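Inside the fold
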Amino acid sequence: MTFEIIPAVDLMNGCVVRLYKGEASSVKIYHTNPVEVAQRWVTEGAETIHIIDLDAALGLGDNTQQIEEIAKKVKARIQVGGGVRSIVKAERLIKSGVHRIIIGTKAILDKPFIRELLSTYGAEHVAVALDYLQDEVLIEGWTSMSGVKLSVALGEMAELGIQYILLTSKERDGTLSGPDYLTVKEASKNRSLKIIAAGGIETTNQILALREAGAYACILGRCLYEGTLNLKDAIRAVKRVERDAR
């Protein structure tokens, strides 16, 4: 199994931004042309682009037009999350060329919705984002505690037939303080789940350690935009390790 490195393109008001620990007040704008940014990461070797519509997640509008443009113009798998709370929205994204939709809050609050998505589009095209603080899942754009333990949510999603789980530590997201290896390792013990780890990644060594911990893939955000990590070099390093392991 090849470990995948997936660059993040977070959108707010049509711009590529990053937040610190998910706080909307901490927004930092990196670029005003999302298509250009996504294309850059593909040119550097990315096969999947991870897009989060922060406005939609926070109920402040949406960036659907920009997402559709990326899906149309950029030759890569596109996975999209943030405010996907209806079958109509999911269908629009998939029809526009999005490969995988990511469900957050709705996955915790509405299991029949997840079942319907899985039966309509299949497990390859649906992921669930479990964003957490300590051992509890967060909902509503990270603004509320759900009262659901992360371990319980992981079990429920596996039972529903979800394969892809995006695991993000709020404590570490956007901080470059290192990933939460222990949680990733624990979650990866469920062999039916493919864990995509996010939050706190700064170096290639940390990416390799996540792979070692059992993650299927990782999401890179601030480290790419601040230039503390080179995408080409990181992809090369993972390929080298995998080649040597054969």
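Residues numbered from 1 in each chain as written. Predicted model: local features only at pLDDT ≥ 70, side-chain atom pairs only at ≥ 80, totals over all residues. Heavy atoms only, no water.

1. A word on the packing of helix H4 (residues 87-95) against helix H6 (residues 111-121)
Defined as follows: Here, axes are lines fitted to C-alpha atoms. For helices the fit covers the stretch in contact, and angles between N-to-C directions go from 0 to 180 degrees. Numbering goes from the N terminus for both helices and strands, where a helix is a DSSP run of H or I of at least four residues and a strand is a run of E of at least two. Roughly parallel refers to an angle under 35 degrees, roughly antiparallel to one over 145, roughly perpendicular to one between 65 and 115, and oblique to any angle outside these ranges. Handedness of a crossing is defined here by the sense of rotation of the near helix relative to the far one, left-handed for an anticlockwise turn of less than a right angle and right-handed for a clockwise turn. Contacts were defined at the residue level, with two residues in contact if any of their heavy atoms lie within 4.5 Å. Throughout, the ten residues Ala, Val, Leu, Ile, Met, Phe, Trp, Tyr, Cys and Pro are labelled nonpolar, Asp, Glu, Lys and Arg are labelled charged, and all others, Gly among them, are labelled polar.
Packing of H4 against H6 brings their axes to within 11 Å, and their N-to-C directions diverge by 30°. The angle between the axes of H4 and H6 places the two elements in the roughly parallel class. The crossing of H4 and H6 is right-handed. Within the contact between the two elements, H4 uses Ile-87, Ala-90, Glu-91 and Ile-94 and H6 uses Phe-113, Glu-116, Leu-117 and Tyr-121. Its residues placed into classes, the contact of H4 with H6 shows six nonpolar, no polar and two charged.

2. Observations regarding the side chain of Lys-89
Our working definition: Remark: exposure states derive from per-residue accessible area (1.4 Å probe, protein chains only) relative to the maximum for the residue type, with buried under 20%, exposed over 50%, and partly exposed in between. His is not counted, nor are the chain ends, whereas Lys and Arg count as positive and Asp and Glu as negative. The working definition used for a salt bridge is a side-chain nitrogen of Lys or Arg within 4 Å of a carboxyl oxygen of Asp or Glu.
Assignment of secondary structure puts Lys-89 in helix H4. The buried charged residue Lys-89 lacks any salt bridge, with Asp-53 as its nearest oppositely charged partner at 4.9 Å. Excluding its chain neighbours within four sequence positions, the residues that come into contact with Lys-89 are Ala-56, Thr-64, Gly-82, Gly-83 and Val-84.

3. Some details on the state of the cysteines
The criterion, for reference: When two cysteine sulfur atoms lie within 2.5 Å, the pair is treated as a disulfide.
Under the defined criterion, the tally for this structure stands at zero disulfides. Free cysteine: Cys-218, not disulfide-bonded; nearest cysteine sulfur from Cys-223 at 8.0 Å.

4. Considerations on the side chain of Thr-64
What counts is decided by this rule: Residues adjacent in sequence count toward polar contacts only when both atoms are side-chain atoms; beyond that, a polar contact is any pair of N or O atoms within 3.5 Å, and within protein one must be able to donate a hydrogen and the other to accept it.
Counting through the fold element by element, Thr-64 comes out in helix H3 (residues 64-73). Thr-64 gets classed as buried once you look at its relative accessible area, which sits at 4%. A distance of 2.9 Å separates a polar atom in the side chain of Thr-64 from a polar atom in the side chain of Asp-62. Excluding anything up to four places from it in sequence, Thr-64 contacts Asp-53, Lys-89 and Arg-92.

5. Considerations on the packing of H6 against helix H7 (residues 150-160)
H7 packs onto H6 with a crossing angle of 40° between their chain directions and a minimal axis gap of 10 Å. On the basis of the axis angle, H6 is oblique to H7. Considering how the two elements wind past one another, H6 and H7 form a crossing that is right-handed. Counting all contacts with H6, which are made through Lys-111, Ile-114, Arg-115 and Leu-118, the residues of H7 involved are Glu-156, Met-157 and Leu-160.

6. Regarding H7
Quick note on the threshold: In this description, the arc belongs to the directions extending from the helix axis to the C-beta atoms.
Taken together, the buried positions of H7 are occupied by Leu-150, Ala-153, Leu-154, Met-157 and Leu-160. Down the axis of H7, the buried side of the element spans an arc of 125°, and every buried residue falls inside it. In H7, the exposed positions that point more than 90 degrees away from the buried face belong to Ser-151 and Glu-159.

7. A look at the pattern of salt bridges
Within the structure shown, the criterion is met by 17 salt bridges. One salt bridge connects Glu-226 with Lys-28, and the closest N-O pair in it is separated by 2.9 Å. Of this pair, Glu-226 sits in the loop between helix H10 (222-225) and helix H11 (231-245) while Lys-28 sits in strand S3 (residues 23-31), placing them 198 residues apart in sequence. Its salt-bridge partner being Lys-189, residue Glu-186 comes within 3.1 Å of it at the nearest N-O pair. Residue Glu-186 shares its accessibility class with Lys-189, and that shared class is exposed. Residues joined by salt bridges that share partners form a network here, namely Glu-4, Glu-47 and Arg-77.

8. Description of the pairing of strand S2 (residues 15-20)
As a reminder, the rule being used: Whether two strands pair comes down to DSSP finding at least two bridges between them.
For S2, the tally of buried residues reaches five of six residues, placing the bulk of the element in the interior. Here strand S1 (residues 4-12) runs beside S2; their pairing, made up of three bridges, is antiparallel. By the bridge assignment, Met-12 is partnered in S2 with Cys-15. Hairpin connection from S1 to S2: two residues lie between these consecutive antiparallel strands, with Asn-13 at a positive phi of about 50°. Strand direction decides the pairing type here: S2 and S3, joined by four bridges, are antiparallel. Looking at S3, one finds that Tyr-20 is bridged to Glu-23.

9. A few points about the environment of Asp-131
If you trace the backbone, Asp-131 turns up in strand S7 (residues 126-133). Each C-alpha atom, one on Asp-131 and one on Gly-104, is 7.9 Å from the other, the two residues being 27 residues apart in sequence. Not counting residues up to four positions away in its chain, the partners in contact with Asp-131 are Glu-136, Val-137, Leu-138, Trp-142 and Thr-168.

10. A word on the pairing of strand S10 (residues 164-169)
Which entries qualify depends on this criterion: A right-handed crossover is one whose linking path, passing over the helix from the first strand to the second, runs clockwise when the strands point away from the viewer.
Judged by how many residues are buried, S10 sits mostly within the fold: six of six residues are covered. Judged by which residues are buried, S10 turns out to be covered on both faces: Tyr-164, Leu-166 and Thr-168 on one side and Ile-165, Leu-167 and Ser-169 on the other are all buried. Summarising the sheet, S10 and strand S11 (residues 194-198) pair through five bridges and their orientation is parallel. By the bridge assignment, Thr-168 is partnered in S11 with Ala-198. Crossover connection from S10 via helix H8 (residues 181-187) to parallel S11: handedness right-handed.

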